[in-house]
Amino acid sequence: MNVVKGVAEMKALSRSLKRDGKTIAFVPTMGALHEGHLTLMAEGKKRADVLVASVFVNPTQFGPGEDYKKYTRDTEGDLDKMSQTGVDIAFFPGPEEIYPPGFQTYVEVTELEKPLCGASRPGHFRGVATVVLKLFNIVRPDVAFFGRKDYQQLQVIKRMVRDLDLDVEIVGMPIVREASGLAMSSRNAYLSEEQRTRAVALSKALGEIKRKFDGGERKASVLLESGKRILSDSSAGEIDYLEIRNGDTLEEVMLASPGDVAALAVKVGRARLIDNIEL
Ligand code: PAF
């Protein structure tokens, strides 16, 4: 595995791979790699000649008071997992290279970034879209992989790719869960054993919404009430949102239909956890 830190070096590598007619699969991450990331990488490995994965904890997608400084950093562990998963190029750029002095250009996906996580994390998706576009320009992938756990992020990136005519296929991969149902996330590392047990209620609440939907219930308010009850009965944590939205536009729906998504964010201890289920 080739470990690359410099942007210029990564650009030169992708340029030469393209010249040689090679296809590139790309998995951008913020590190603290878990099974969910490794699934994206394993799929990337199958889908192109060369697999590039990046680790960059992106400061512009964290708001003031969020966990940028405390976000888990485990370079050695990440490198180990990447090489075991068949990553060909591990790209670890530094913040000063991604955001050089005087940096002032941002990408905004104006509507999709407003609801759900965007409402409580203003500027978050602007930071995500900006860094993902920069990484795409540096790595020049043919195909890039994102987890469906970050459902809104996936929609924002797909929209950006369409709107800006980027030449990259975006693949959304299924959520990877622990045996308990808890969605895998780097932020699960913040949970105590007791919080981890409580956090199982998140996937249970979504499962109940889906069960009721599959049973024929369509009223979003009724579906959401059943999910909220599970969250409050198990004292899961402070609910940021639990909503049903159109799966593409993320507009709120009163009557749910197939393709909509039930999504939630709940603060469990110091971890703000998100999860969703597609109806
Ligand atoms: O999902 C993540 O880990 C990040 O938001 C991403 C896509 C790597 C951008 O920083």
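Structure's up top.
Presented here is an overview of the structure given in this document. Every value quoted in this text rests on a predicted model; they were computed, and no experiment measured them.

### Brief notes about unusual backbone geometry
Phi at Arg140 is positive, roughly 55°, even though this residue is not glycine. Using a relative accessible area of 37% as the deciding quantity, one classes Arg140 as partly exposed. The residue Asp165 is not glycine, and still its phi comes out positive at about 55°. By the element assignment, Asp165 lies in the loop between helix 7 (151-163) and strand 6 (169-173).

### A few points about the layout of surface pockets
Its boundaries defined by the atoms lining it, the second largest pocket holds a volume of some 200 Å³. What lines the second largest pocket is a set of 17 residues, and nearest its centre among them are Val55, Val57, Arg73, Thr75 and Phe92.

### As for the site of the ligand
Near the ligand you find Pro28, Thr29, Met30, Asn58, Gln61, Val131, Val132, Phe146 and Gln153, and these make up its full shell. At 2.7 Å from an oxygen atom of the ligand is found a side-chain nitrogen or oxygen belonging to Gln153. Isolated, the ligand exposes 290 Å² of accessible area, and the fraction of that covered by the protein chains is 90%. Sorting the residues of the shell around the ligand by element identifies strand 2 (24-29) and helix 6 (124-139) as the ones contributing at least two each. In terms of residue class, the shell around the ligand is built from 5 nonpolar, 4 polar and no charged.

### Thoughts on the environment of Val52
Here Val52 lies in strand 3 (residues 50-55). Classification of Val52 by relative accessible area gives buried; the value is 0%. Spatially, the C-alpha atoms of Val52 and Phe92 are 11 Å apart, while their sequence positions differ by 40 residues. Setting aside anything within four residues of it in sequence, one finds Val52 in contact with Met10, Ile24, Ala25, Phe26, Val27, Ile89, Phe91 and Val139.

### Notes on a positive patch on the surface
Residues Lys11, Arg15, Arg19 and Arg140 make up a contiguous surface patch of positive charge. Within the secondary structure layout, Arg15 lies in helix 1 (residues 7-19).

### Details of the packing of aromatic side chains
Going through the model one piece at a time under the given rule, you end up with 7 aromatic pairs. Seen in terms of ring centroids, Phe56 and Tyr99 are 6.3 Å apart; in terms of plane orientation they differ by 40°. Their pairing is tilted. Of this pair, Phe56 sits in the loop between strand 3 and helix 3 (75-84) while Tyr99 sits in the loop between helix 4 (95-98) and helix 5 (117-120), and the two are 43 residues apart along the sequence. According to the relative accessible area criterion, Phe56 is buried, its value standing at 4%. The ring of Phe213 has Arg218 sitting right over it, with the charged end atom 3.9 Å from the ring centre.

### Overview of the sheet that holds strand 3
Each strand in a sheet pairs with another by means of backbone hydrogen bonds, the pair being arranged parallel or else antiparallel. Here we have 6 strands laid out as an open sheet, ordered 1-4-3-2-5-6, and parallel in their pairing. What marks the edges here is a single partner per strand, and that holds for strand 1 (2-4) and strand 6. Going across the sheet, the axis of each strand differs from the next one's by a mean of 25°, ignoring polarity. Against the sheet, helix 2 (residues 35-47) contacts strand 2, strand 3, strand 5 (143-147) and strand 6, and its axis sits at roughly 160° relative to strand 5.

### Structural notes on the nonpolar core
If you look at the biggest cluster of nonpolar residues, it comprises 44 residues, and the most contacted ones within it are Val52, Phe91, Phe136 and Ile170. Looking at this core, the elements with two or more residues in it are helix 1, strand 2, strand 3, strand 4 (89-91), helix 6, strand 5, helix 7 and strand 8 (261-268). Ignoring any residue separated from it by four or fewer positions in sequence, one finds Phe136 in contact with Phe26, Pro141, Ala144, Phe146, Val161, Leu166, Val168 and Ile170. Met30, Phe62, Ala201 and Val266 belong to the second largest nonpolar core, which has 30 residues in total.

Cut-offs used in this document
- Residues numbered from 1 in each chain as written.
- Predicted model: local features only at pLDDT ≥ 70, side-chain atom pairs only at ≥ 80, totals over all residues.
- Heavy atoms only, no water.
- Buried < 20%, exposed > 50% of the residue type's maximum accessible area, 1.4 Å probe, protein only.
- Helix = DSSP H or I, 4+ residues; strand = E, 2+ residues; numbered from the N terminus.
- 1 Å grid on protein atoms, 1.4 Å probe; cavity = no way out; pocket = protein on both sides within 12 Å on 5 of 7 lines; lining within 4 Å.
- Points joined across faces, edges and corners; volume = space filled by probe spheres on them.
- Near = heavy atom within 4 Å.
- Polar contact = N/O pair within 3.5 Å; in protein donor to acceptor, adjacent residues only side chain to side chain.
- Areas by Shrake-Rupley, 256 points an atom, 1.4 Å probe, with all protein chains shown as cover.
- Nonpolar A, V, L, I, M, F, W, Y, C, P; charged D, E, K, R; others polar.
- Contact = heavy atoms within 4.5 Å.
- Patch = residues over 30% accessible without salt bridge, like charges linked within 9 Å, V, L, I, M, F, W, Y side chains within 5 Å.
- Salt bridge = Lys/Arg side-chain N within 4 Å of Asp/Glu carboxyl O.
- Lys, Arg positive; Asp, Glu negative; His and termini not counted.
- Charge placed at Lys NZ, Arg CZ, Asp CG, Glu CD.
- Phe/Tyr/Trp six-rings, centres within 6.5 Å; stacked < 30°, edge-to-face > 60°.
- Lys NZ or Arg CZ within 6 Å of the ring centre and 35° of its normal.
- Pairing = 2+ DSSP bridges.
- Axes fitted to C-alpha atoms, helices over the stretch in contact; angles between N-to-C directions.
- Core = buried A, V, L, I, M, F, W, Y, C linked by side-chain atoms within 4.5 Å.

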